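# Structural description and commentary
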Amino acid sequence: MKKFTSVNDVTDSNALAASALQLKKDPYAFQQLGKNKTIGLVFLNPSLRTRMSTQKAALNLGMNVMVLNMDKEGWALELEDGAIMNGNSVEHIKEAAAVIGQYVDIIGVRSFPGLKDREEDYNEEIFNKFVKYCGVPIVSLESATRHPLQSLADLVTIEELKTKARPKVVLTWAPHIKPLPQAVPNSFAEWMCKANVDFTIAHPAGYELNSDFTQGATITHNQDEALADADFIYVKNWSAYEPYGKVLPGNEDWMLTNEKLKITSDAKVMHCLPVRRNLELSDEILDGPNSVVIHEAGNRVWAAQAVLKAMLEEL
Ligand code: CP
């Protein structure tokens, strides 16, 4: 694999999930594969899980790891082609990405959307410039529209914990006070649409995702109807796609509670984290027996390790 930016870069997502679960059983079996190879993890935005799990995955494969918190420690980047750089930006992304590519064998990049200009975000302008100029294989650590390492870890978690061949999986919108990207729900949807699951998306009217990511999903505005007989519930807030990046008033009653869990098939509750307690998800769910959010976060290591292993095998 030369590029891991979406489920479309993966030939067989089930095989990749199986590889992750195999690595979980035997984490150090491929320590020679990454010997004398370096990954550079470039963050234009904050991270806990993606940073630490990808570092751990690379170390398990014997790789060296370099982390650059570009937003805090790097030069201010210019992104515009042809810009006269007489303002605050110090280095053009053309040089920055190409130079990082001189120091590493694989690059990981995190670049969130601005949530102001939908076309700019959905064209993945920053991320694609890294792809264009770095000259080495690239793994998305979350881009403006997708978070594939999270989605692979989510698939791994469902495969590991399911008790029936084709479980019912529900992605349900949750309240939040800030406009959040659509990257996690977009990505989760496109991975679930290719997985062997019965997949439903529930959200209030006005929070429709871009239909490119939801082909094959059942979509409803009725949360109770969606939750009925669910085996897995994936809780996530996102801002509106239209009007782009906005939080719409109301919908506080969409927070998942133990009362709502009663209509599920004793569903396991997932969330990518970080989570705002008692806003997105109640204490009673997060501290209760149905929550698998910590287990899910643990699986981030094995998902990242499966991806890096597949990339190292083609270097
Ligand atoms: N889920 C996730 O990507 O977490 P971080 O933003 O902390 O990396």
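Residues numbered from 1 in each chain as written. Predicted model: local features only at pLDDT ≥ 70, side-chain atom pairs only at ≥ 80, totals over all residues. Heavy atoms only, no water.

Turning to the domain arrangement of the protein, a few remarks are in order. Frequently, the measure chosen for interface size is the accessible area that the parts lose on association. As assigned here, the protein comprises domain 1 (3-146 + 300-312) and domain 2 (150-297). Taken over C-alpha atoms, the centre of domain 1 sits 25 Å from the centre of domain 2. Opposite the 29 residues of domain 1 that make contact, domain 2 presents 31 residues. With both chains or domains summed, domain 1 and domain 2 bury close to 2,500 Å², and 61% of this area falls on carbon and sulfur atoms. Our enumeration of links across domain 1 and domain 2 arrives at three salt bridges. With a closest N to O distance of 2.6 Å, Glu190 and Arg146 form a salt bridge. On the surface where domain 1 and domain 2 come into contact, there are eleven residue pairs in polar contact (both at pLDDT 80 or more). Breaking the side of domain 1 that touches domain 2 down by element, the ones donating at least two residues are helix H1 (13-25), helix H5 (118-122) and helix H12 (293-312). At seven residues, the largest contribution of residues to the side of domain 1 that touches domain 2 is made by H1. Taken together, the residues that form the side of domain 1 that touches domain 2 break down as 14 nonpolar, six polar and nine charged. (Domains from an automatic or database assignment. Contact = heavy atoms within 4.5 Å. Buried area = accessible area lost by both parts, 1.4 Å probe. Salt bridge = Lys/Arg side-chain N within 4 Å of Asp/Glu carboxyl O. Polar contact = N/O pair within 3.5 Å; in protein donor to acceptor, adjacent residues only side chain to side chain. Helix = DSSP H or I, 4+ residues; strand = E, 2+ residues; numbered from the N terminus. Nonpolar A, V, L, I, M, F, W, Y, C, P; charged D, E, K, R; others polar.)

Attention now goes to the sheet that holds strand E10 (residues 218-220). Reading across the sheet, the five strands line up as E10-E9-E8-E11-E12 and stay open at both edges, with parallel pairing between neighbours. Bordering the open sheet on either side are E10 and strand E12 (268-270), each of which pairs with just one other strand. Strand-to-strand twist across the sheet, computed as the mean angle between neighbouring axes with direction ignored, equals 20 degrees. When strand E9 (residues 198-202) meets E10, the two strands line up parallel, connected through three bridges. Paired with Ala202 across the two strands is Thr220, which belongs to E10. (Pairing = 2+ DSSP bridges. Axes fitted to C-alpha atoms, helices over the stretch in contact; angles between N-to-C directions.)

Bringing the pattern of salt bridges into the picture now. Oppositely charged side chains can pair when the atoms bearing their charge come close. Per the stated rule, a full pass over the model turns up twelve salt bridges. Its salt-bridge partner being Asp71, residue Lys72 comes within 3.2 Å of it at the nearest N-O pair. When the shortest N-O distance is used, the salt bridge between Arg118 and Glu242 registers 3.3 Å. Here Arg118 is found in helix H5, whereas its partner Glu242 is found in the loop between strand E11 (232-236) and helix H10 (258-261), with 124 residues between them in sequence. When its relative accessible area of 56% is taken as the criterion, Glu242 is described as exposed. Here the salt bridges do not stand alone but share partners, grouping Arg277, Asp283 and Asp287 into one network. (Buried < 20%, exposed > 50% of the residue type's maximum accessible area, 1.4 Å probe, protein only.)

On to a negative patch on the surface. On the surface, Asp117, Glu119, Glu120 and Glu125 cluster together into a negatively charged patch. Turning to its location among the elements, Asp117 is positioned in the loop between strand E6 (106-110) and H5. (Patch = residues over 30% accessible without salt bridge, like charges linked within 9 Å, V, L, I, M, F, W, Y side chains within 5 Å. Areas by Shrake-Rupley, 256 points an atom, 1.4 Å probe, with all protein chains shown as cover. Lys, Arg positive; Asp, Glu negative; His and termini not counted. Charge placed at Lys NZ, Arg CZ, Asp CG, Glu CD.)

This brings us to the pairing of strand E2 (residues 38-43). For E2, the tally of buried residues reaches six of six residues, placing the bulk of the element in the interior. Across the two faces of E2 the burial is the same, with Thr38, Gly40 and Val42 and Ile39, Leu41 and Phe43 all buried. Both E2 and strand E3 (residues 64-69) contribute to a ladder of six bridges, which runs parallel. Across the sheet, the residue bridging to Phe43 is Asn69, located in E3. With helix H2 (residues 49-60) bridging E2 and the parallel E3, this β-α-β connection has right-handed handedness. Sheet topology note: the E2/E6 ladder contains five bridges and is parallel. Across the sheet, Ile39 pairs through a bridge with Ile106, a residue of E6. (Right-handed = clockwise from strand over helix to strand, strands pointing away.)

Looking now at the site of the ligand. Around the ligand, the surrounding shell consists of Ser47, Leu48, Arg49, Thr50, Arg110, His147, Gln150, Cys272, Leu273 and Arg300. Interatomic distance of 2.7 Å between a backbone N/O atom of Leu48 and an oxygen atom of the ligand. A distance of 2.7 Å separates an oxygen atom of the ligand from a polar atom in the side chain of Thr50. If the ligand stood free it would expose 260 Å²; the protein chains cover 93% of that surface. Taken together, the residues that form the shell around the ligand break down as three nonpolar, four polar and three charged. (Near = heavy atom within 4 Å.)

Next up on the list: the side chain of Thr220. Position of Thr220 among the secondary structure elements: in strand E10. Of note is the side chain of Thr220, whose polar atom sits 2.9 Å from the backbone nitrogen of Asn222. Residue contacts for Thr220: discarding those within four places in its chain leaves Thr200, Ile201, Ala202, His203, Glu225 and Ala226.

For the rest of this paragraph, the subject is the packing of helix H7 (residues 148-161) against H12. For any two helices packed against each other, one specifies the crossing angle of their axes together with the interaxial distance. Following both chains from N to C, one finds H7 and H12 inclined at 115 degrees, their axes separated by 8 Å at the closest point. When the axes of H7 and H12 are compared, the pair comes out roughly perpendicular. Crossing hand, H7 versus H12: right-handed. Mapping the contact onto sequence places Leu149, Gln150, Leu152, Ala153, Asp154, Val156, Thr157, Glu160 and Leu161 in H7 and His295, Glu296, Asn299, Arg300, Ala303, Ala304 and Val307 in H12. Its residues placed into classes, the contact of H7 with H12 shows eight nonpolar, four polar and four charged. (Parallel < 35°, antiparallel > 145°, perpendicular 65-115°, else oblique. Left-handed = near helix turned anticlockwise from the far one by under 90°.)

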